[in-house]
Amino acid sequence: MAGLSPKHIQGMAASLILPNVLGYSASLKPRIRQGRVVPEEEVIRIYVVKKAPLESLAAGEVIPKEIEGIPVDVVATGEFQAQPYTERERPVRGGWSCGNEKSQATGTIGCIVSDGRWEGPFSNNHVLARCSNIEGHKASVYEGILQPGALDGGTFPNDLIAFLTKWTDLSIQGVNKVDRAMGLFTRNTPFRVSIQDMGLVRGLRVAEVGLEVAKTGRSSGYLEGKVFDTDAFLQVSYGQIIGKALDFEHQILIAPSISIPGDSGSLVLDKDRKAIGLLFAGSPEFTAANHIAEVLDGFGVEIVGAPA
């Protein structure tokens, strides 16, 4: 924070209580005048949603012209929001909205997988396969997969990208290990093998406590956390879909939570972009993921782009 004293920082922080103020720059910056940088004029920048006429503000709402002798430059930035990936994305890629044509349940394409002949999207059973094989939720092979999902405005056949081909049934009576499903792309669906904000998957890795991980999801975008547990037994509520809680064993817990509803199906990677799990549930404090080895076991597919 070159050139700024604690009093300057305190003055900038105090401006956050004013209407319209979003933040500030923690170091001196050159003034920008009519789009041109004026390097000889160093200022404190205060960021606002939009500039308001002086006459519309009360006396206590006006940003000071200077703080501790340094001029203030007010910069309008617009409102900052998390960038959810809910729109129609072509080519299709991991990290974006998807869902089954017969369901409003909408989640995230985790990655692109291949059976050696065809490629397709990989996500959760409750995202792509309607919680099959739970009562009243039996999916059928070749049901359509939409991008974006129905909750985000996706419709059949306009947003059809793939057909459902494989999933692991979810059990009410037994104990589950994975919530997984996949489809194969239609012949005319363009796709990228990289994941939004994360790039190519560079391999697989066994999760370890303390490992730094990240994901890109349909609702909350890119978020980072650390593995908290690798062998958790959990009762996971599927209340909005089937009205029941299901038991899961040998699950990964990540803290702080890196997910909100709609991020289900996201692929979880470490800092070297090696996959460690498939996100399927979350709470305000933790995110839960299936171990990647169990996610891929018996499906006869590989993550496209990841070395064998």
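Residues numbered from 1 in each chain as written. Predicted model: local features only at pLDDT ≥ 70, side-chain atom pairs only at ≥ 80, totals over all residues. Heavy atoms only, no water.

**So, the side chain of Thr 216**
Reasoning step 1: Its location among the elements puts Thr 216 in strand 16 (residues 212–217).
Reasoning step 2: The exposure class of Thr 216 is buried, given its relative accessible area of 1%.
Reasoning step 3: Ignoring sequence-local partners within four residues, the contact set of Thr 216 consists of Tyr 85, Gly 95, Thr 108, Ile 195, Gln 196, Asp 197, Met 198, Gly 221, Tyr 222 and Ser 266. (Helix = DSSP H or I, 4+ residues; strand = E, 2+ residues; numbered from the N terminus. Buried < 20%, exposed > 50% of the residue type's maximum accessible area, 1.4 Å probe, protein only. Contact = heavy atoms within 4.5 Å.)

**Brief notes about the packing of aromatic side chains**
For any pair of aromatic rings, the description rests on two quantities: the centre-to-centre distance and the angle between the ring planes.
Reasoning step 1: All chains considered together, the criterion is met by six aromatic pairs.
Reasoning step 2: Taking 6.3 Å as the distance between ring centres and 10° as the angle between the ring planes, the aromatic pair formed by Tyr 238 and Phe 248 counts as stacked. Highlighted residues: Tyr 238 in the loop between strand 17 (221–237) and strand 18 (245–255) and Phe 248 in strand 18, separated in sequence by 10 residues.
Reasoning step 3: Residue class for Tyr 238 comes out buried when judged on its relative accessible area of 4%.
Reasoning step 4: Relative to Phe 280, the ring of Phe 248 has its centre 4.6 Å away and its plane inclined at 40°; by these criteria the two rings are tilted. In this pair, Phe 248 sits in strand 18 while Phe 280 sits in strand 20 (residues 275–282), placing the two residues 32 residues apart along the sequence.
Reasoning step 5: Of the residues examined, Phe 248 reaches a relative accessible area of 0% and is grouped as buried.
Reasoning step 6: The class for Phe 280 is buried, based on a relative accessible area of 2%.
Reasoning step 7: Its guanidinium or amino end placed over the ring of Phe 299, Lys 166 lies 5.9 Å from that ring's centre, counting from NZ or CZ.
Reasoning step 8: Over the face of the ring belonging to Phe 299 we find Arg 180, whose NZ or CZ atom lies 3.9 Å from the ring centre. (Phe/Tyr/Trp six-rings, centres within 6.5 Å; stacked < 30°, edge-to-face > 60°. Lys NZ or Arg CZ within 6 Å of the ring centre and 35° of its normal.)

**Some words on the nonpolar core**
Reasoning step 1: Counting 20 residues, the largest nonpolar core has Phe 122, Leu 267 and Ile 303 as the members making the most contacts within it.
Reasoning step 2: Elements that contribute at least two residues to this core include exactly strand 9 (111–114), strand 14 (181–185), strand 19 (267–270), strand 20 and helix 3 (292–296).
Reasoning step 3: At three residues, the largest contribution of residues to this core is made by helix 3.
Reasoning step 4: If we ignore the near neighbours within four places in the chain, the residues touching Leu 267 are Gly 110, Cys 111, Ile 195, Val 201, Ala 214, Lys 215, Ala 275, Gly 277, Leu 278, Ile 292 and Ile 303.
Reasoning step 5: Of all hydrophobic cores here, the second largest spans 15 residues; its members include Cys 98, Leu 128, Ile 145 and Ala 181. (Core = buried A, V, L, I, M, F, W, Y, C linked by side-chain atoms within 4.5 Å.)

**Examining the layout of surface pockets**
Reasoning step 1: Size it by volume and the largest pocket reaches roughly 820 Å³.
Reasoning step 2: Together, 33 residues line the largest pocket, and Ser 237, Pro 261, Ser 264, Ala 281 and Gly 282 are the ones closest to its centre.
Reasoning step 3: Only strand 8 (106–108), helix 2 (125–128), strand 17, strand 20 and strand 21 (287–291) provide two or more residues apiece to the lining of the largest pocket.
Reasoning step 4: Classifying every residue of the lining of the largest pocket gives 16 nonpolar, 15 polar and two charged.
Reasoning step 5: By volume, the second largest pocket is sized at about 270 Å³.
Reasoning step 6: Along the wall of the second largest pocket there are 15 residues; nearest its centre are Ala 52, Leu 57, Val 62, Ile 63 and Val 74. (1 Å grid on protein atoms, 1.4 Å probe; cavity = no way out; pocket = protein on both sides within 12 Å on 5 of 7 lines; lining within 4 Å. Points joined across faces, edges and corners; volume = space filled by probe spheres on them. Nonpolar A, V, L, I, M, F, W, Y, C, P; charged D, E, K, R; others polar.)

**Re the pattern of salt bridges**
Reasoning step 1: With the rule as written, the count across this model stands at 12 salt bridges.
Reasoning step 2: Linking Asp 159 and Arg 88 is a salt bridge whose minimum nitrogen-to-oxygen distance equals 2.8 Å. Separated by 71 residues along the polypeptide, Asp 159 in the loop between strand 11 (144–146) and strand 12 (160–167) and Arg 88 in the loop between strand 5 (70–76) and strand 6 (92–94) bring together distant segments of the chain.
Reasoning step 3: By relative accessible area, which is 47% here, Arg 88 ends up partly exposed.
Reasoning step 4: A salt bridge links Arg 205 to Glu 208; the shortest N-O distance between them is 3.8 Å.
Reasoning step 5: For Arg 205, a relative accessible area of 27% gives the class partly exposed.
Reasoning step 6: We classify Glu 208 as partly exposed; its relative accessible area is 44%.
Reasoning step 7: One network of salt bridges, with partners in common, ties together Arg 31, Arg 33, Glu 41 and Asp 73. (Salt bridge = Lys/Arg side-chain N within 4 Å of Asp/Glu carboxyl O.)

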